[in-house]
There are 2 protein chains.
Amino acid sequence: MPVHHTVRSFDGELNFLTQKIGEMGDYAEKMMVEAIKAIVEDDQDLAARVIAQDRVLDEAEREIDEKAIMIIARRQPMAVDLREIIGAIRISADLERIGDMGKNIAKRVAAIAENRQPKAFYKSLEAFAKLALGQLREVIDAYGVRSLARIDAVREHDDEIDAMYTTLFRELLTYMMEDPRNITACTHLLFCAKNIERIGDHATNIAETAHYIMTGSYPDTERPKDDGTYRVGAAEPDNL
Amino acid sequence: MPVHHTVRSFDGELNFLTQKIGEMGDYAEKMMVEAIKAIVEDDQDLAARVIAQDRVLDEAEREIDEKAIMIIARRQPMAVDLREIIGAIRISADLERIGDMGKNIAKRVAAIAENRQPKAFYKSLEAFAKLALGQLREVIDAYGVRSLARIDAVREHDDEIDAMYTTLFRELLTYMMEDPRNITACTHLLFCAKNIERIGDHATNIAETAHYIMTGSYPDTERPKDDGTYRVGAAEPDNL
């Protein structure tokens, strides 16, 4: 049964891509959780390990790219299978960038250690990361089981992340204004918050790609992109 | 001559991708130049136009993706041609993100208008954008003529962008420490500087993809990624 064999083997190759995407998602999530933990607990060793882990996702992305090209060249797939393969290339790029976000946060542990902030703030950052990583987990799982309803629901929750980012942004500005000695550390924490907010954007990107894989078209509605912090200075000059 | 015709038409389709990438590069550069101009000249109207332009790059990216999938499905290309097509998908994603950077900067014009900074700083930002956009222009042009030597040279200049970013980062922290009323505006300018720095990263990504398209493998050497700002707090506690 050569035809049957070929079909099964092709399915196996597509499954390899889906499985590898799932592994990259797990790894990106783990890197981000550990980066936040390193910030909260001022753990330089953990930060160093996170920074070193970034290569794993770089290599996974390339492995998916090369496998995708090999599959296309050998199988010459059509329509939905081709979308699946091209989609895997795109999703792996988003996951690789989430790894970059984790690395970026880990690199700031040393800078922040010099001037520790109130414990309350780290807890906010932790809760924020939990919210964003929940979105990432959901979209990866929804893609894993090809649930279009769950995939589309992820896009609708991005505004929760934006709202929480705005709250954190304002909180950090307040700390900076209260005491100039907080400025350097808070600046680094602002970038950490921005990195976490971008996880939400990547989760949304992945949801859009997954929608495209399953339906052949992109979701229509423009998602809201304005997180509110752009207007902080303009809307509240009294803060200055 | 059906075979000859087919070959020429295939070349035409590949040329379409290259041409479209060139157009996206021009457009991303224009958006970024105008976003910086809007910041420097406090031009809200120009900022609004830049924000609206972002959709053009979103659509161009999707057009390239769909065309790429169509070419693969119809032509079933091998090896170098397939790399060319997959590479176009990746490069267009980088260019679309540079458009996002321009949009992000344009959105901050309103916030910064409330508390204008010393003119000297805007000039630094302008010079920095010029440096980063020069890298982008070079890699797009080098890809256009398929010059591997020029493509590889782009990666070597990323450290100039990182060095200039570090200088700007420190300068902005100084302004914030001098006067708390500068904090909100300078925070937005810090994010503008970060966005410009990321253009350099995208130019480097494009150079790596272009190298892969032409040779079939990625450049070996790990490029330096530490721009120095991560250590600002740790290395110079006296600044606080």
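Per-chain numbering applies: the sequence of each chain, read as written, is numbered from 1 onward. Chains and ligands are labelled sequentially in the order written, the chains with letters from A and the ligands with numbers from 1. In keeping with the predicted nature of the model, local features appear solely for residues at pLDDT of at least 70, side-chain atom pairs appear and are counted solely at 80 or more, and the whole-chain, interface and lining totals rest on all residues. Hydrogens and water molecules were not included; the side-chain quantities draw on all heavy atoms of the structure.

Caption draft 1: Summary view of the nonpolar core. Put simply, buried Ala, Val, Leu, Ile, Met, Phe, Trp, Tyr and Cys residues joined by side-chain atoms within 4.5 Å make one nonpolar core. Using a 1.4 Å probe on the protein chains alone, a residue whose accessible area is under 20% of its type maximum counts as buried, one over 50% counts as exposed, and one in between counts as partly exposed. Formed by 150 residues in total, the largest nonpolar core has its most connected members in Ile-39, Leu-95 and Leu-125 of chain A together with Ile-39, Leu-95 and Leu-125 of chain B. Contacts were defined at the residue level, with two residues in contact if any of their heavy atoms lie within 4.5 Å. With residues near it in sequence (within four places) discarded, Ile-39 of chain A still touches Ile-105, Arg-108, Val-109, Ile-112, Arg-116, Tyr-122, Leu-125, Leu-189 and Cys-192 of chain A.

Caption draft 2: Spatial organisation of the pattern of salt bridges. Residue and element names in this part refer to chain A. Within this document, salt bridges are pairs made up of a side-chain nitrogen of Lys or Arg and a carboxyl oxygen of Asp or Glu, the two lying within 4 Å of each other. All told, the structure shown has 34 salt bridges over all chains when counted by the stated rule. A salt bridge links Asp-141 to Arg-137; the shortest N-O distance between them is 2.9 Å. Here Asp-141 and its partner Arg-137 are both found in helix α5 (residues 119-144), four residues apart, which amounts to about one turn of the helix. On the basis of relative accessibility, which here comes to 32%, the residue Asp-141 falls in the partly exposed class. Judged by relative accessible area, Arg-137 falls into the partly exposed class, the value being 24%. Overlapping salt bridges, with partners in common, bring together Asp-26, Glu-29, Arg-137 and Asp-141 in one network. Put simply, DSSP H or I for four residues or longer makes a helix, DSSP E for two residues or longer makes a strand, and each gets a number counted from the N terminus.

Caption draft 3: Here's a closer look at the packing of aromatic side chains. When two rings of Phe, Tyr or Trp (its six-membered ring) have centres within 6.5 Å they constitute a pair, described as stacked for plane angles under 30 degrees, edge-to-face for angles over 60, and tilted for the intermediate range. Per the counting criterion, the structure on display carries nine aromatic pairs over all chains. On the basis of an interplanar angle of 15 degrees and a centroid distance of 6.4 Å, the ring pair of Phe-128 of chain A and Tyr-165 of chain A is categorised as stacked. Highlighted residues: Phe-128 of chain A in helix α5 and Tyr-165 of chain A in helix α7 (residues 158-178), separated in sequence by 37 residues. Here Phe-128 of chain A matches Tyr-165 of chain A in class, with each residue buried. Taken together through their ring pairs, the aromatic side chains of Phe-128, Tyr-165, Phe-169 and Phe-191 of chain A together with Phe-128, Tyr-165, Phe-169 and Phe-191 of chain B make up a single cluster.

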